[in-house]
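A look at the structure
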Amino acid sequence: QVQLVESGGGLVQAGGSLRLSCAASGRAFSSYTMGWFRQPPGKDREFVAAISGRDSSTYYADSVKGRFTASRDNDKNTVYLQMNSLKPEDTAVYYCAKDSLQWRIGVHETDFGSWGQGTQVTVSS
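The structure reproduced in this document is the subject of the present report. (Residues numbered from 1 in each chain as written. Predicted model: local features only at pLDDT ≥ 70, side-chain atom pairs only at ≥ 80, totals over all residues. Heavy atoms only, no water.)

1. A look at the overall build of the protein
Note the cut-off: Under the scheme used here, helices are H or I runs from DSSP no shorter than 4 residues and strands are E runs no shorter than 2 residues, and both carry numbers assigned from the N terminus. Computation of the radius of gyration draws on C-alpha atoms alone. For the globule rule, the value is 2.2 Å times the number of residues to the power 0.38. Relative accessibility decides the category of a residue: with a 1.4 Å probe and only protein chains considered, values under 20% of the type maximum give buried, values over 50% give exposed, and everything between is partly exposed. Contacts are residue-level and defined by heavy atoms, with any inter-residue pair within 4.5 Å sufficient. For every accessible area listed, the method is Shrake-Rupley and the probe measures 1.4 Å; residues are considered covered only by the protein chains on display. Within this scheme the basic residues Lys and Arg register as positive and the acidic residues Asp and Glu register as negative, but His and the chain ends are omitted. Think of each charge as sitting on NZ of Lys, CZ of Arg, CG of Asp or CD of Glu.
Looking only at helices and strands, the protein features zero helices and eleven strands. Each helix and strand of the protein, placed in order from N terminus to C terminus, yields the pattern β-β-β-β-β-β-β-β-β-β-β. A compact globule built from 125 residues should have a C-alpha radius of gyration of about 14 Å, and the protein, at 13 Å, falls within 12% of that. Along the first, second and third principal axes, the C-alpha atoms of the protein reach 40 × 25 × 25 Å. Relative to its full complement of 125 residues, the protein shows a buried share of 46%. When contacts within the protein are restricted to residue pairs at least 6 apart in sequence, those whose partners lie at least 24 apart make up 58%. For the protein, the exposed area adds up to about 6,300 Å²; of that, 45% sits on carbon and sulfur atoms. The average position of the 13 basic charges and that of the 12 acidic charges among the side chains of the protein differ by 3 Å.

Structural data, given as structure tokens:
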């Protein structure tokens, strides 16, 4: 059973930065795409970013391009989301997720079979 544990959320003022981390258990971490999703208050969960296992290619939602950066350290089985220039509309519970298939570059919620518990990010105006 894969376990994903997020950390790094918190309260920050608009324009500030946060870095989320997600530590994963299990084997072959480097061969799986890892994704970040978020669920704003009262809204559905949405895609934020993904980083492939193949070559660490990154993919972003338009709303976060240029502000958020996904990265991974395969030696530590950890993926990161650096969030800069945060806006109040970035307020959400952020989840990391692991693609259910090796070597696939998933970006849809249904591509990911393992999820963390989520970490709250609140951006004040």
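2. Regarding the nonpolar core
Inclusion rule: Remark: nonpolar core denotes a set of buried residues (Ala, Val, Leu, Ile, Met, Phe, Trp, Tyr, Cys) joined through side-chain atoms within 4.5 Å.
Counting residues in hydrophobic clusters, the biggest one holds 26 residues, and the most contacted among them are Trp-36, Val-48, Phe-68, Leu-81, Met-83 and Tyr-94. Every element with two or more residues in this core is listed here: strand E3 (18–24), strand E4 (34–39), strand E5 (46–51), strand E7 (68–73), strand E8 (78–83), strand E9 (92–99) and strand E11 (119–124). Of all the elements, E3 adds the most residues to this core, at four residues. Sequence-distant contacts of Trp-36, that is, excluding residues within four places in its chain, are made with Glu-6, Leu-20, Ser-21, Cys-22, Phe-47, Val-48, Ala-49, Val-79, Tyr-80, Leu-81, Tyr-95 and Cys-96.

3. Side note on the state of the cysteines
Our working rule: For the purposes of this analysis, a disulfide is any pair of cysteine sulfur atoms at a distance within 2.5 Å.
Counted under the stated rule, the structure contains one disulfide. Here Cys-22 is linked by a disulfide to Cys-96, with a sulfur-sulfur distance of 1.9 Å. Residues Cys-22 and Cys-96 are joined through a disulfide that is right-handed, its torsion about the S-S bond being 45°. Of this pair, Cys-22 sits in strand E3 while Cys-96 sits in strand E9, placing them 74 residues apart in sequence. Take Cys-22 and Cys-96: they sit in the same class, and that class is buried.

4. Some remarks on the sheet that holds E8
Sheet strands pair by backbone hydrogen bonding; their relative direction is either parallel or antiparallel. How we decide: In this scheme, strands are said to pair when DSSP sees at least two bridges between them. Interaxial angle, 0 to 180 degrees, is taken between N-to-C directions of lines fitted to C-alpha atoms, where a helix line uses only the stretch in contact.
The four strands are arranged E1-E3-E8-E7 in an open sheet whose pairing can be described as antiparallel. Taken across any chain shown, the strands that pair with only one partner, and hence form the sheet edges, are strand E1 (4–7) and E7. With direction set aside, neighbouring strand axes in the sheet form an average angle of 15°. Taken together, the six bridges between E3 and E8 define a ladder with antiparallel strand orientation. By the bridge assignment for E8, Leu-18 is matched with Met-83.

5. Overview of the environment of Thr-91
Stated precisely, the cut-off is as follows: Pairs of N or O atoms within 3.5 Å make up the polar contacts considered here, provided that, within protein, one atom can donate a hydrogen while the other can accept it, and that residues adjacent in sequence are counted only when both atoms are side-chain atoms.
Tracing the backbone shows Thr-91 in the loop between E8 and E9. With a relative accessible area of 15%, Thr-91 lands in the buried category. Measuring from C-alpha to C-alpha, the distance between Thr-91 and Pro-41 comes to 7.8 Å, with 50 residues separating the pair along the chain. Those residues in contact with Thr-91 that lie beyond four places of it in its chain are Pro-40, Pro-41, Gln-120, Val-121, Thr-122 and Val-123. From its side chain, Thr-91 meets the backbone oxygen of Pro-88 in a polar contact 2.9 Å long.

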